Amino acid sequence: MTNNPSVEKPKDLVVSPPPQITGTMSKTRVMAYTFAALLAITIITAILWWPAMTPHPDLDYLGLTGLFAMPLGAILLLNALIAVGVAVVSDFIIGKAAADSEINTMSAAVFGLIVALSYSIGVPTMAMGEMMPISMLSAPGCFIYVALISFIGLVGFKKLQGLKGRKLFNPAATAKLLVLLPFITSTFLIKEHWAPFAEGGLEVPKLASNLVTDYMGTQLTFSGYLQGCYGLPGAEPGSLNSIMLLTKFHGWPGGASSIAVIIIGAILIFFLRDYFKWRITATYFGSAIAMSLIMTGIYGGDPITRLLFELFIGSSIFLGFFMATDPATTPYSRTGQIIFGIGLGVLTVIIQTYMNFFGGALLALVIMNLTVPLLDRIGIHKPFGR
Amino acid sequence: MPYEHIKEVKDQARITPIEIFPDPKTAIVILNQHSGKPLSPLVAVGDLVEMGQKIADSKERISSPIHSPISGKVVKIGNIYSHCSETFMDAIYIENDGKKTKAKTLLPISESELEKTKPDALLNIIHEAGIIGLGGAGFPTHIKLSPPAEFPIKNLVVNATEGEPYDTADERLLIEKTANLLRGVKVIKKILGNPKVTVATKVSKAEAVPKLQEVFGSEPDTTVIAGHFKYQQGDASVLQKALFGYETPPTKRSYEMGCIVQNVATINAIANAVFEGEPLISRVVAFNGDVVQPKNLLVKIGTPISDVFNQNNIDMKDVRQVVVGGVMMGHAIPTTEAPITKRSSSIIAFSESKNKKEQKQTACIHCAKCISACPVKLHPILIYNAIMKPDMDKAEKLWNKDCIGCGTCSYVCPSRIPLASTIMASR
C-alpha cells in the first residue's frame, strides 16, 4: 500500500464526509416554524385584547388615563416589536463584534417574542384595589421592562451563558425573574396583592371562599377573585371556565387564550415532531393535573376551579409549550425529558399552592433547569443489543 | 421504534434495465478491494493476461483474489485513488487488446451436480472467484459462509432491501436475474446445511416483489417478505431485529445468532461463479443523481469512473460532486480517474445546485433528534462532544464503537454537525 501525496485533487469536486445528503429540517427552519407559531399567538392575543384599554378608565381618579390610554392589543404588538428588535440587534452586534459568535437572527427573534409573550401586561378590574405596579403593566412603562428583559436575556443568558457550551438556565425565564426581582411582592405574590385590603388574603391550599373582602366591602369567592383578575376590565366577568380557557385579559399575553396555545402548540409539534421536546409538555401537564387532583383530595374545594387555577394561571400553558421545551436548557434523553416534565408539574403546583406565587411555573422552570446536567446523566440508555 | 425516513430518488433508475457498459481501454484494478490487507500481484509489467485470469492474491485468511476484467497487457503497477480506503492504493493497469480471450479460472458445475457437491468445493469456487460482500462492506464471502461448526445456521436472509436512497443495482438484479438469484441461494443453502430462507424486500420495489414471489414463493422453507422497511433496516443487525425480533450485540457476529445475511449482488455473483465459471470481474452499478437519464450499468471492475461520465456525454464542468457506493454510507471521491471496484454499488453525480443548500455547520441546538433517530440507540451528540473534547474514555463509555455508520444522525441534524463521520473515524 502506498500513499502518494503528490497527486492533487482536482479543485472542482467537493469531498465531504458521508452522508452526502441531509434532511430537510435545518436550524433556521426549526426556528422559523417556532417563530410562526409564536407570531400566530401574538396576533390572536392582540386581536382578543384590542377591546381592553389600559390604563382602565376606572383609574381616572389616579390621574392615569388619557395620556397613554391605548388598546391592550396594541401594547402587546409594540412590546413584541421592541423585544424582537432588541434581541435581533443585540445578536447582530455581538455576532459582528465577537469572532466566534454566530449570528442567529431567527433564534434571536424567537427569543424576543417569547420575552414579549411572557411579560405580564394589562390591568385587572380590581387592580385599583391592589398594590399593583400599574406603570409596569401598561404603556409606556412596560416598554422599558420588556426591552431590559430582552437585552439581559439575550446578552447574559443566551450569549454569555452559551460560551461554556450547554446553557443551564432558560434565558427568557431567568431574565424575567431577575429584572422583576425588586417587584416580587407586588407582581408575583397573591397574598401581598391583597394584604392592605383583606385580612389573610387568599388561601390557595383550601381554595377558601369568603376570606377576602375587596376595597368596596364586597366579599369574594376564590373563583370570583380569579374572574375579577382575568375578566375583561369594566365588563361583567364571564364564567371562570370561559376566562381560563378562552380569554384572560391580564397576565402573560402568551397564555391569553389557553385554547389557542394548545391548538397552535399541537400544530407546531406536528410539524417539528422529534425536533420539539413534546414529552416535556405532555408530562408537565399530566403531572400538574395529577397534582391538582391530589391537592383537591387533601384540601377539598372544587376540582375544576383548582385545575383551571393550577394549569392556566400565570400562563403555565404558554410556558409548558414554548419555554419548558427550550432545547438548550432541557435534557437530551427521553427519560430525562419525562422526569423534567413531571418535576416541573409537581413543583409548579407546590409553589402555587403553598407559596402563594402567581406563575409558579416560571420559578419551577428555573429550578428544574438546575437538574438538567444530572438528568442528562441518568437518562443514558444502553444501545442496541447491549 | 420508528426509523427516520430518508427520501428515495429512484423513480427513474429503478425502471431502467441493466445496460452492458463497454470494456475500458485501460482497466485499473485496485489491489485491495476486500476489507483486509492488500494482495500481492501475480503478474508483472509486460505480462499478457486473459479475461478472468487471477492477477493478484494473498495468503492472508481474510482476503479475496482479483482477476483481470479484460484481456490485454499489464502496462503499469502504480497507485490510484480508491474509494474503498479513501486513499491512493496500488493497482494493476491493463491495456485492453480487444480480443476478449477468456481464461479458464474456475470449474463450474451444473445445477444437477449441486446436490452432490461438497460445501468445501463450493466455498473454494466462491473464494477463487474473488467474491466479497458487494453491498459495500467488502468482507470475503467464502469466510462469511464458513461459520464455526458450533454455530449451526438456522436462517439465511436475502437482504433485498437496498435502502441507499439513490441505489438501484440490486433492485434491477431482483427484476432481471431472479432465477439466477434462486440458484445462488441454493448454493448458499447447500453450504450452510439447508437453513430457512427469508427474502426481505420493500413494497416500494413494485416490479421486483411479484418476481420474487413467483420465483421464491414455491420454494420449500422460503418466505418472501415485502415490508415497509426503512433505510436503516438495511443493516444486517437492524434487519434481523425486524425479521426475528432479537438484537445482535455488536460484540457478536450474526452467525452466533444462527443467521447469515447476504446481499443480492453477492448472491448473483455466487451463482455466476458456481454455475457459469465467471470470476467477479464485473458488477451492476447504478448511475444516478442529477443526471438526465439515470442508468444501471453492468461495468467491468477497473473501469475508470470518468469513462461512465464520458460515455453518457456529461460535461464534468457541470459536476460538483461524485459519490461512490451510496449517498448515505459511500464516499465523495476527489477524482473521477478512480476506477470502479467490487464495492462500487453506485455512482451518484451532483451538480452545483445540491451544494448550494444550507450545509454550513452551526452550534448544536440540543434538540436531541440524533438520539431519537439512531437505529442502534446511541447518543450521537454526546459521543461527538466527548470526541471533540477530547475525552475518548467517555466516548467509549457511550459505546462509540457500536456505531454502524448509517449516517442517520448527520442526516437529521438541523445544525449540520458531522456526527456520523466523526464517530466512525473514532472507532
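Residues numbered from 1 in each chain as written. Chains lettered and ligands numbered in written order. Predicted model: local features only at pLDDT ≥ 70, side-chain atom pairs only at ≥ 80, totals over all residues.

Draft legend 1. Structural view of the overall build of chain A. Each helix and strand in chain A was counted, giving 17 helices and four strands. Across the 386 residues of chain A, 53% fall into the buried class. A fraction of 70% describes how many contacts in chain A between residues 6 or more apart in sequence connect residues 24 or more apart. (Helix = DSSP H or I, 4+ residues; strand = E, 2+ residues; numbered from the N terminus. Buried ≥ 20, exposed ≤ 12 C-beta atoms within 10 Å, placed from the backbone. Contact = placed C-beta atoms within 7 Å.)

Draft legend 2. Spatial organisation of the overall build of chain B. Looking only at helices and strands, one finds 14 helices and 17 strands in chain B. Over its C-alpha atoms chain B spans a radius of gyration of 21 Å, differing by no more than 12% from the 22 Å that the globule rule assigns to 427 residues. Principal axes of the C-alpha set define a box for chain B whose edges measure 60 × 50 × 40 Å. Looking at the 427 residues of chain B, the share that counts as buried comes to 56%. Put simply, 73% of the contacts in chain B that link residues at least 6 apart link residues at least 24 apart. (Rg over C-alpha atoms; globule rule 2.2 N^0.38 Å.)

Draft legend 3. Molecular detail of helix 5 (residues 141–162) of chain A. Residues and elements named next belong to chain A. In this model, helix 5 (22 residues) spans 30 Å end to end at C-alpha, consistent with the 32 Å of a helix rising 1.5 Å per residue. Of all the bends found along helix 5, the most pronounced is centred on Gly153 and spans about 30 degrees. Residues of helix 5 that are buried: Cys142, Tyr145, Val146, Ile149, Ser150, Ile152, Gly153, Leu154, Phe157, Lys158, Lys159 and Gln161. (Expected span 1.5 Å × (residues − 1). Bend = angle between axes of the 7 residues up to and from the residue.)

Draft legend 4. Quick peek at the nonpolar core. A:Ala83, A:Leu113, A:Ile114, A:Leu365, B:Val29 and B:Ile270 are the most contacted members of the largest nonpolar core, which totals 238 residues. When residues of this core are assigned to domains, at least three fall in each of domain 1 (111–276) and domain 2 (369–425) of chain B. (Core = buried A, V, L, I, M, F, W, Y, C linked by C-beta atoms within 7 Å. Domains from an automatic or database assignment.)

Draft legend 5. Local environment of the sheet that holds strand 9 (residues 155–160) of chain B. Residues and elements named next belong to chain B. One open sheet holds the four strands; their spatial order is 11-10-9-12, and the pairing between them is parallel. The sheet terminates laterally at strand 11 (222–227) and strand 12 (259–263), the two strands that pair on one side only. Between one strand axis and the next, the sheet turns by 20 degrees as a mean value, whatever way the strands run. One ladder, built from six bridges, connects strand 10 (residues 196–202) with strand 11; its direction is parallel. By the bridge assignment, Val197 is partnered in strand 11 with Thr222. Across the sheet, helix 6 (residues 236–244) lies against strand 9, strand 10, strand 11 and strand 12, angled at about 115 degrees from strand 9, the strand it touches most. (Pairing = 2+ DSSP bridges. Axes fitted to C-alpha atoms, helices over the stretch in contact; angles between N-to-C directions.)

Draft legend 6. Representation of the pairing of strand 9 of chain B in the model. All names here are of chain B. Within strand 9, five of the six residues are buried, which leaves the element mostly enclosed by the surrounding structure. Relative to strand 10, strand 9 is paired through six bridges, and the arrangement is parallel. Its bridge partner lying in strand 10, Asn159 is registered against Ala200.

Draft legend 7. Up close: the environment of B:Met329. Within the element layout of this structure, B:Met329 appears in the loop between strand 15 (319–324) and strand 16 (331–332). Residue classification places B:Met329 among the buried positions, given that 26 C-beta atoms sit within 10 Å. For the pair B:Met329 and B:Cys406, spaced 77 residues apart in sequence, the C-alpha to C-alpha distance is 6.1 Å. Setting aside chain neighbours within four positions, we find B:Met329 in contact with A:Pro18, B:Gly136, B:Glu164, B:Gly405, B:Cys406 and B:Gly407.

Draft legend 8. Spatial organisation of the packing of helix 1 (residues 119–128) of chain B against helix 7 (residues 264–276) of chain B. Residues and elements named next belong to chain B. At a minimum axis distance of 9 Å, the contact between helix 1 and helix 7 shows a crossing angle of 110 degrees. Relative to helix 7, the element helix 1 lies roughly perpendicular. When you trace helix 1 past helix 7, the crossing you get is right-handed. For the pair formed by helix 1 and helix 7, the contact residues are Leu122, Ile125 and Ile126 on the first element and Ile270, Ala273 and Val274 on the second. A class-by-class count of the residues in the contact of helix 1 with helix 7 yields six nonpolar, no polar and no charged. (Parallel < 35°, antiparallel > 145°, perpendicular 65-115°, else oblique. Left-handed = near helix turned anticlockwise from the far one by under 90°. Nonpolar A, V, L, I, M, F, W, Y, C, P; charged D, E, K, R; others polar.)

Draft legend 9. Summary view of helix 9 (residues 222–230) of chain A. Across the nine residues that make up helix 9 of chain A, a large majority, eight, are buried. A:Phe222, A:Ser223, A:Tyr225, A:Leu226, A:Gln227, A:Gly228, A:Cys229 and A:Tyr230 are the residues of helix 9 of chain A that are buried.

Draft legend 10. Spatial organisation of the interface of chain A and chain B. Every contact between the two is made by 36 residues of chain A and, on the other side, 54 residues of chain B. Along the lines of polarity and charge, the residues of the side of chain A that touches chain B split into 19 nonpolar, twelve polar and five charged.

Draft legend 11. Looking closely at the sheet that holds strand 8 (residues 87–96) of chain B. All names here are of chain B. Read across the sheet, four strands follow the order 2-8-7-4 without closing on themselves; strand pairing throughout is antiparallel. Single-partner strands in this sheet number two, and they are strand 2 (26–30) and strand 4 (48–49). Relative to strand 8, strand 2 is paired through five bridges, and the arrangement is antiparallel. Across the sheet, the residue bridging to Ile30 is Ala91, located in strand 8.

Draft legend 12. Examining the environment of B:Ala338 more closely. All names here are of chain B. With respect to the helices and strands, the residue Ala338 is situated in the loop between strand 16 and strand 17 (346–351). The buried category is assigned to Ala338, around which 25 C-beta atoms lie within 10 Å. Setting aside anything within four residues of it in sequence, one finds Ala338 in contact with Ile80, Tyr81, Ser82, His83, Ile305 and Ile333.

Draft legend 13. Highlighting the confidence of the model for chain B. This prediction gives chain B a mean pLDDT of 93; 98% of its residues lie at or above 70. In the predicted assembly, ipTM is 0.88 and pTM is 0.89. (pLDDT = per-residue confidence, 0-100.)

Draft legend 14. View of the domain arrangement of chain B. Residue and element names in this part refer to chain B. Parsing chain B into structural domains produces domain 1 (111–276) and domain 2 (369–425). For domain 1 and domain 2, the distance between their C-alpha centres works out to 30 Å. With four residues of domain 1 at the contact, the number on the domain 2 side is six residues. Residue composition of the side of domain 1 that touches domain 2, grouped by class: two nonpolar, one polar and one charged.

Draft legend 15. Region of interest: the pairing of strand 12 of chain B. Residue and element names in this part refer to chain B. For strand 12, the buried fraction is high: five of the five residues fall into the buried class. The alternating pattern of strand 12 places Cys259, Val261 and Asn263 on one face and Ile260 and Gln262 on the opposite face, and all of these are buried. Judged from the five bridges that link them, strand 9 and strand 12 form a sheet pairing that is parallel. The residue bridging Asn155 from the neighbouring strand is Cys259, located in strand 12.

Draft legend 16. Just the confidence of the model for chain A, in detail. On average, residues of chain A score 83 in pLDDT, and 82% of them are at 70 or above. In the model, residues 1–10 of chain A has pLDDT below 50 throughout and makes 16 contacts with residues more than four positions away in sequence or in other chains.

Draft legend 17. Region of the structure containing the packing of helix 14 (residues 316–323) of chain A against helix 16 (residues 360–369) of chain A. All names here are of chain A. Contact geometry of helix 14 with helix 16 gives a least axis separation of 9 Å together with a crossing angle of 30 degrees. Put simply, helix 14 runs roughly parallel to helix 16. Relative to helix 16, the crossing made by helix 14 is right-handed. Here Ser316, Leu319 and Met323 of helix 14 come into contact with helix 16, specifically with Ala361, Leu362 and Leu365. Of the residues that constitute the contact of helix 14 with helix 16, the class distribution is five nonpolar, one polar and no charged.

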